[in-house]
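Residues per chain are reported as follows:
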Amino acid sequence: MQLRFQDLLTRVEGYHPTADLDLIKRTYDFAAKAHDGQLRRSGDPYVVHPLGVAATIAELKLDVASICAGLLHDCVEDTSATTEEITKLFGPEISFLVEGVTKLGKIPWNTKEERQAENFRKMLLAMARDIRVILIKLADRVDNMRTLDAMPPEKQERIARETMEIYAPLANRLGIQWIKVELEDLSFKYLYPNEYNALVEKVSNYHKERQKYIDDVAATLKRELSEAGVECHVYGRPKHLWSIHQKILRTGRELEQLFDIVAFRVIVSDVRACYETLGVVHSKWTPIPGRFKDFIALPKPNMYQSLHTSVIGPRAERMEVQIRTADMHRVAEEGIAAHWRYKEGRPFEGPDSKDEKDRKRFAWLRQLMEWQRDLKDPTEFIETVKIDLFADEVYVFTPKGDVKALPKGANPIDLAYSIHTEVGHHCSGARVNGLIVPLRYTLRNGDTVEIITTPNQKPNKDWLKYVVTSSAKAKIRNYLRQAERDKSKQLGRELLERELRKYGYGFAKVQKAGDLDKAAVTLRLSSGDDLLIAVGYGKVLPADVVEAVVPEDKRKEVVAEAAEPQNAITQLASNLIRRVTGRQTAGIKVAGENDVLVRFAKCCSPVVGDPIVGFITRGRGVTVHTLGCQKAVDQDPDRRVDVEWDGKLKTPRPVSIQVVCADKPGLLASISQSFNQLGVNISQANCRSLDDNRAVNTFSFNVADLEQLKTVMRALQRLSGVFSVSRM
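Below: a short report on this structure. (Residues numbered from 1 in each chain as written. Predicted model: local features only at pLDDT ≥ 70, side-chain atom pairs only at ≥ 80, totals over all residues. Heavy atoms only, no water.)

1. Some points on the overall build of the chain
- When helices and strands are tallied, the chain shows 31 helices and 21 strands.
- Across the 728 residues that make up the chain, the buried fraction comes to 50%.
- Across the chain, every contact between residues at least 6 apart in sequence was considered, and the portion connecting residues at least 24 apart equals 65%.
- Carbon together with sulfur atoms contributes 49% to the accessible area of the chain, which is approximately 35500 Å² in total. (Helix = DSSP H or I, 4+ residues; strand = E, 2+ residues; numbered from the N terminus. Buried < 20%, exposed > 50% of the residue type's maximum accessible area, 1.4 Å probe, protein only. Contact = heavy atoms within 4.5 Å. Areas by Shrake-Rupley, 256 points an atom, 1.4 Å probe, with all protein chains shown as cover.)

Shown next, in the form of structure tokens:
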């Protein structure tokens, strides 16, 4: 049943009796007129989408400006309406919120990844000024996910993956649990439809039995606490579908074998009662070692507070109990929206607020902005955003007793870089709880960590394989790139000196006269140093620099015949690596040329149709990576060259996938049959059983293009008993 506009007004009036309903009506009329004639893929009038977004914003109990921005959020992007018009009609505040949510649809970005990165970068900047921007964007994403059925499968998968990787973790960072849960479950539905439908059916069949267990335990818990003099409310609930699915994958058990998929919440009056309740729970049921977390004493970065403990409950089943006050519960469910308020007539300010509590709440956002400010590469930016948004954390202590929060899986190098860049660069080891540990050691909650540094220690590429924080990755990459640039600069100087000597010119004289900087401008580089680096990398030839520095008559005296000018990349391939002879088989064009030596990176094995990027590798031509490849992100952007697939050639490319499935008879035969039906020949297979009744299978085969690979993966994903299919 579709929401009516009057329902929206009723909802707003319910939590904001003095709201300016006339302003909401005017914005709705404007949006309805602007979108008149537009239909969604479902066939519904387009205006039902902004109405749905506004309704979700009302669920968050936000102000009138946010409701209006939700109604208008697509007007600038999808209709003839302009920002100036919205400012004039509805004021600068609403206009700012609409502009913050609007995508950068007018700018012709080169790739989808670049567009996604810049959209998100813009959103973060607006969010840093006013947190309502991201709340509106989340409401927009919730409504889009609720109506994703009408989209074609490819768009469903792309939007669902982006939602799972960015927007659900972002909702979690903001502490809005109900949005996080809904986005995860909806993404699950479109990313893994077979597993989703099977789990929905199992949970539905299991519901009556579980509900009786929940009711019995809740009644027992309430009675025990009442006898101990603790006033409380007790709620029991099964965990959400994505959480259960993750647990099934992690343990290899079926739903019926999982015991701790039920969580109980106990809401009490104050902090003291929280700890009293914990004592009652632990005296009634046996606590499970290592499963207690005190988020009251150590709140999460999104200011979530609660006590978590897991115990062996009735029927010897594991169950989780969360204990919190009513205020903590409101924050846990509504997140930052629970803190929404106006202060002295000004909206909630976010990370730059003068309020100490606000600054703490948004420390993660401020840190995120600092890490990303210098990241120009869109792929690297999106990768680090994803890392920073994931919420699982460990809390460790410095020798002075300071608490440091780091992502789960962090090691001493991550901690060293969180203290200071130079501490990270020179980190040679660590003492954890008084014992020397290797740099790869995974930090655990409560560890006391002392970083050991030595002056001669330097970062190396191996560090990038096991650090997890975006700050550490960025600082290591910057150090390695700078070292590589220094080496290339020296090589460029040597090559240029040798070339200039042929014409009787000295490098020092040319540099002192400023001719090197002039040559850099001619060759579209910013400085003489950049020119030397480009020569060292092989992106610019010494002969090109000589042409810009040495007068033509002087060059003619030395060289009897003028060399035919060539494209720098083509000349590089000819002189420094080698030209490919005969028919081109790679199917790749480099900077518009299709006869340059290329090699495909083995780390990501690009196939036709993948977004790709090339890097000059001296002596080995151009190495082609997929755009999202981790090793491509680690490369110096200065070595990057434009590459594209040659549409005329579709040479089959090798690729490998991993299939995780149940370890049961006949399933491997079904998988092989799927390959056979699609006309794909398996060149290599590696199958092994695990202890948890699962099997991990790796298959290598050739595909003509990305579409064929997706067809194979979708076919395997549909097989009963297959848990996941992923490209390696």
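Anyway, onward from the coordinates.
2. Thoughts on the environment of Lys-502
- Take Lys-502: it is sitting in the loop between α22 (470-501) and α23 (507-512).
- Judged by relative accessible area, which is 52%, Lys-502 ranks as exposed.
- A sequence separation of 44 residues divides Lys-502 from Val-546, and the C-alpha atoms of the two residues are 9.9 Å apart.

3. Remarks on helix α15 (residues 326-334)
- Among all positions of α15, only Met-328, Val-331 and Ala-332 are buried. Across the axial projection of α15, the buried residues extend over an arc of 100°, all falling on one side.
- Looking at the packing, one finds that the buried side of α15 touches α11 (177-191), α14 (271-284) and β6 (318-325). (Arc of directions from axis to C-beta.)

4. A closer look at the pattern of salt bridges
- Scanning the entire structure with this criterion turns up 20 salt bridges.
- For Glu-182, the salt bridge goes to Arg-146, with nearest N and O atoms at 2.6 Å. Highlighted residues: Glu-182 in helix α11 and Arg-146 in helix α9 (residues 132-146), separated in sequence by 36 residues.
- With relative accessibility at 35%, the residue Arg-146 sits in the partly exposed group.
- Put simply, Lys-212 and Asp-216 hold a salt bridge, and the shortest N to O gap is 3.1 Å. Of this pair, Lys-212 and Asp-216 are both found in helix α12 (residues 193-227), four residues apart, which corresponds to roughly one turn of the helix.
- The exposure class of Lys-212 is exposed, given its relative accessible area of 52%.
- Taken together, the shared-partner salt bridges connect Asp-63, Glu-93 and Arg-132 into one network. (Salt bridge = Lys/Arg side-chain N within 4 Å of Asp/Glu carboxyl O.)

5. Details of unusual backbone geometry
- The backbone of Lys-61 shows a phi angle near 60°, a positive value even though the residue is not glycine.
- Mapping Lys-61 onto the fold places it in the loop between α3 (48-59) and α4 (64-72).
- In this model, Ser-605 sits at a positive phi of 45°, which is unusual for a non-glycine residue.
- Within the element layout of this structure, Ser-605 appears in the loop between β13 (598-600) and β14 (612-617).

6. Brief notes about the sheet that holds β13
- Across the sheet, which stays open at both edges, the four strands sit in the order β13-β15-β14-β16 with mixed pairing between neighbours. Of all the strands in the sheet, the pair left with one neighbour each is β13 and β16 (640-641). (Pairing = 2+ DSSP bridges.)

7. Some thoughts on the sheet that holds strand β9 (residues 427-432)
- Here we have three strands laid out as an open sheet, ordered β10-β9-β11, and antiparallel in their pairing. Sheet topology places β10 (435-437) and β11 (449-453) at the edges, where each strand pairs with a single neighbour. Sheet twist, expressed as the average angle between the axes of neighbouring strands with direction ignored, equals 35°. (Axes fitted to C-alpha atoms, helices over the stretch in contact; angles between N-to-C directions.)

8. Overview of the nonpolar core
- Within the largest apolar cluster, 68 residues are counted, with the highest numbers of intra-cluster contacts made by Leu-8, Ile-24 and Leu-72.
- Other than its neighbours up to four places away in sequence, Leu-8 contacts Ile-24, Leu-51, Ala-54, Ala-55, Ala-58, Ile-67 and Leu-71. (Core = buried A, V, L, I, M, F, W, Y, C linked by side-chain atoms within 4.5 Å.)

9. Regarding the side chain of Ser-306
- When you line up the elements, Ser-306 lands in the loop between β4 (293-294) and β5 (307-312).
- Within the structure, Ser-306 has its side chain in polar contact with the backbone oxygen of Ile-323 (distance 3.2 Å).
- Other than its neighbours up to four places away in sequence, Ser-306 contacts Lys-293, Asp-294, Phe-295, Ile-296, Gln-322, Ile-323, Arg-324 and Met-328. (Polar contact = N/O pair within 3.5 Å; in protein donor to acceptor, adjacent residues only side chain to side chain.)

10. Considerations on the packing of helix α10 (residues 153-173) against α11
- Closest axis-to-axis distance for the α10/α11 pair is 9 Å, and the angle between their directions is 160°. With respect to α11, the element α10 is oriented roughly antiparallel. When you trace α10 past α11, the crossing you get is left-handed. Seen from α10, the contacting residues are Gln-156, Glu-157, Ala-160, Arg-161, Thr-163, Met-164, Tyr-167, Ala-168, Ala-171 and Asn-172; seen from α11, they are Gln-177, Ile-179, Lys-180, Leu-183, Glu-184, Ser-187, Phe-188, Tyr-190 and Leu-191.
- For the contact of α10 with α11, the residue count by class is ten nonpolar, five polar and four charged. (Parallel < 35°, antiparallel > 145°, perpendicular 65-115°, else oblique. Left-handed = near helix turned anticlockwise from the far one by under 90°. Nonpolar A, V, L, I, M, F, W, Y, C, P; charged D, E, K, R; others polar.)

11. Notes on the packing of α9 against α10
- The geometry of α9 relative to α10 is characterised by a closest axis approach of 11 Å and an angle of 140° between their N-to-C directions. Crossing handedness for the pair α9 and α10: left-handed. For the pair formed by α9 and α10, the contact residues are Ile-134, Lys-137, Leu-138, Arg-141 and Met-145 on the first element and Ile-159, Ala-160, Glu-162, Thr-163, Tyr-167, Leu-170 and Ala-171 on the second.
- The residue makeup of the contact of α9 with α10, split by class, is eight nonpolar, one polar and three charged.

12. Focus: the pairing of strand β18 (residues 653-662)
- Of all ten residues making up β18, seven are buried, and the element is well covered by its neighbours.
- For β18 and strand β20 (residues 694-703), the ladder comprises ten bridges, and the chain directions are antiparallel. Within β20, the position partnered with Ala-662 by the bridge is Arg-694.
- Pairing of β18 with strand β21 (residues 722-727) involves five bridges; the strand directions are antiparallel. Along β21, the bridge assignment pairs Gln-658 with Ser-726.

13. Digging into the environment of Ser-672
- As for its placement among the helices and strands, Ser-672 is situated in helix α30 (residues 667-677).
- Along the primary structure Ser-672 and Leu-716 are separated by 44 residues, whereas in three dimensions their C-alpha atoms are 9.5 Å apart.

14. So, the packing of aromatic side chains
- For the structure shown, the criterion picks out ten aromatic pairs.
- Ring centres 6.5 Å apart and planes at 55° place the aromatic pair Phe-188 and Tyr-192 in the tilted group.
- You can call Phe-188 buried: its relative accessible area is 0%.
- On the basis of relative accessible area, Tyr-192 is assigned to the buried category, the value being 17%.
- Counting every residue linked through ring pairs, the aromatic cluster contains Phe-188, Tyr-192, Tyr-196 and Trp-242.
- Above the ring of Phe-600, the side-chain terminus of Arg-653 is found at 3.7 Å from the ring centroid. (Phe/Tyr/Trp six-rings, centres within 6.5 Å; stacked < 30°, edge-to-face > 60°. Lys NZ or Arg CZ within 6 Å of the ring centre and 35° of its normal.)

15. Quick notes on helix α1 (residues 5-15)
- All of the buried residues in α1 are Phe-5, Leu-8, Leu-9 and Val-12. Projected down its long axis, α1 shows its buried positions confined to an angular sector of 95°, all on one face.
- Buried residues in α1 make contact with α2 (21-34), α3 and α4.

16. Focus: the pairing of strand β2 (residues 262-268)
- Burial analysis of β2 places seven of its seven residues in the buried class, the great majority of the element.
- Judged by which residues are buried, β2 turns out to be covered on both faces: Val-262, Phe-264, Val-266 and Val-268 on one side and Ala-263, Arg-265 and Ile-267 on the other are all buried.
- The pairing of β2 with β6 spans six bridges and is parallel. Along β6, the bridge assignment pairs Ile-267 with Arg-324.

Honestly, it's all geometry; don't read function into it.
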